[in-house]
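# Structural description and commentary
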Amino acid sequence: MKINKNYENLEQSYLFSTVAKKVNEFTAKNPDKKVIRLGIGDVTLPLCKAVIGAMHKAVDEMGVQATFRGYGPEQGYDFLREAVKKYYLSHGVELELDEIFISDGAKSDLGNILDLFSQDNTVLVPDPVYPVYVDTNIMAGRKVVFADANGENCFLPLPDKGVKADIIYICSPNNPTGAAYNKEQLKKWVDYARELGAVILFDAAYECFIDDNSLPHSIYEIEGAKECAIEFCSLSKMAGFTGTRCGYTIVPKALGKLNKMWLRRQTTKFNGVPYIVQRAAEAVFTEDGQKEIKENLNYYKENAKLISETLKRCNIWHVGGKYSPYIWLKCPNNMTSWEFFDYLLENAQVVGTPGSGFGKNGEGYFRLTSFGSKENTREAMERFEKLFM
Ligand code: PLP
């Protein structure tokens, strides 16, 4: 037996374990001080009523012979794919049903899709970004190059014609920066990919935080994108499905063989998302579901707005917050990400995530999230004002 040696090339991530260790040490020394966590990347509000109702109904169906369901279609039930199709239409994107694949979340498919690509492809990944893109490619032994996101480009890098890549990752709105591309900027990426014959893997996990149509929700709103892009989306942040698990992946037929290859891959290695979960997901796209999830999204967005307004008053440079649950700030006084983490914990008892954990360009930056409670977010921002104004 020979192991996959590529795993030895993965960098160990101590980000969240170090955060937890530092917070535990602080609370052990200061048991009377209330620590507020604005580092969480998970939702906190419960599933909405429409979803819970649909889930209960589906559970009952599973207990009756006439409505019991066993294995479902690997690519998802038609009722959910129809709902996703309609959702895309609301953003002006027309899809065929067999271009839509229901998944158990974006993370799995972002990793699984790499089955379709040769090992000798070069991969272009923005830095900083969600670490899964880099790690899944390192595991497969692919060469990774980076597109630098920084203060100068407002954390929205554009293609560099001098860089050649075969697989290009774009995450918009971005984790961790919250920065989101407009249509003109995305068009530049689409043109670049088509020129190179490259594929874009577009992660739209946070598209639901865009609440107007000034920015694209989907890369397919850009002309030519169906010829070069696969899109991943998720109900995790959209509807609080982080623990329920459901998402969808779009592989357009205009991409040629890739659509059929993905179907083959899924029918071979995947047996579908549970019926109960797909019924719950279907409810997200109903009128009631959409109204209810928007209430939850607005709750988070109000937190984000409060954080952003406070940072503005404190003169702290930041991006994000408007179209995402993430606020990405420049650490004051040229502190490193970890120095700022310690400073904030010590002086305000507020916990965030050091930007250096998301790539080399994250050094000197810091991520706050809006997934906390309104009360805690308000209190944390009062402490920011005391410390920085
Ligand atoms: N993509 C991005 C950019 C994320 O930040 C996350 C989760 O934090 C995911 C994908 C994973 O989503 P899912 O829960 O659907 O696997």
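Please refer to the structure higher up on the page.
Now for a quick tour of the structure.

What counts, and where the lines are drawn
For every chain, the first residue of its written sequence is number 1, and the numbers climb from 1 along that sequence. In keeping with the model being predicted, local features are shown solely for residues with a pLDDT of at least 70 and side-chain atom pairs are shown and tallied solely at 80 or more, while totals for entire chains, interfaces and linings include all residues. For the side-chain quantities, the full set of heavy atoms in the structure was used; hydrogens and water were omitted. For two strands to be treated as a pair, DSSP must find no fewer than two bridges joining them. Only DSSP runs of H or I reaching four residues or more are called helices, and only runs of E reaching two or more are called strands; each is numbered from the N terminus. For helices, the axis comes from a line fit to the C-alpha atoms of the stretch in contact; other axes are also lines fit to C-alpha atoms, and the angle between any two N-to-C directions lies between 0 and 180 degrees. What counts as a salt bridge is simple: a side-chain nitrogen of Lys or Arg found within 4 Å of a carboxyl oxygen of Asp or Glu. The rule is simple: take the accessible area with a 1.4 Å probe, protein chains only, and divide by the maximum for that residue type; under 20% is buried, over 50% is exposed, in between is partly exposed. Between the rings of Phe, Tyr and Trp (Trp by its six-membered ring), a pair exists once the centres lie within 6.5 Å; its type follows the angle of the planes, with under 30 degrees stacked, over 60 edge-to-face, and the other angles tilted. Note on criteria: charge over ring means Lys NZ or Arg CZ within 6 Å of the ring centre, with the direction from the centre no more than 35 degrees off the ring normal.

## Looking at the sheet that holds strand β3 (residues 122–127)
If you trace the seven strands from one edge of the open sheet to the other, you get β2-β8-β7-β6-β5-β3-β4, paired in mixed fashion. Two strands lie at the open edges of the sheet, namely β2 (100–103) and β4 (143–148), each paired on one side alone. The sheet shows a mean angle of 20 degrees between the axes of neighbouring strands, direction not considered.

## Describing the pattern of salt bridges
For side chains bearing opposite charge, pairing can occur when the charged atoms are close. Counted by the stated rule, this structure contains 18 salt bridges. Two residues, Lys-183 and Glu-221, come together in a salt bridge whose shortest N-O distance is 3.7 Å. Of the two residues, Lys-183 sits in helix α6 (residues 183–196) while Glu-221 sits in the loop between β6 (199–203) and β7 (229–234), which places them 38 residues apart along the sequence. A salt bridge links Glu-227 to Arg-194; its shortest N-O distance comes to 3.8 Å. One end of the pair, Glu-227, is in the loop between β6 and β7; the other, Arg-194, is in helix α6, with 33 residues separating them in the sequence. A residue is classified by how much of its surface remains accessible, and Glu-227, at 41% relative accessible area, is partly exposed. For Arg-194, a relative accessible area of 45% corresponds to the partly exposed category. Through salt bridges that share partners, Lys-34, Glu-379 and Arg-383 make up one connected network.

## Description of the environment of Glu-195
In this fold, Glu-195 is placed in helix α6. For the pair formed by Glu-195 and Glu-309, sequence separation is 114 residues and the distance between their alpha carbons is 41 Å.

## Digging into the packing of aromatic side chains
Under the criterion given, the structure shown has 26 aromatic pairs. Their ring planes at 10 degrees and their centres at 5.2 Å tell us that Tyr-77 and Phe-79 sit as a pair that is stacked. By relative accessible area, Tyr-77 is classed as buried at 9%. Assessed through its relative accessible area of 18%, Phe-79 is described here as buried. Taken together, the ring pairs connect Tyr-206, Phe-209, Tyr-299, Tyr-300, Tyr-326 and Phe-371 into an aromatic cluster. Over the ring of Phe-79 we find Arg-279, and its NZ or CZ is 3.6 Å from the ring centre.

On their own, these measurements won't tell you what the molecule is for.
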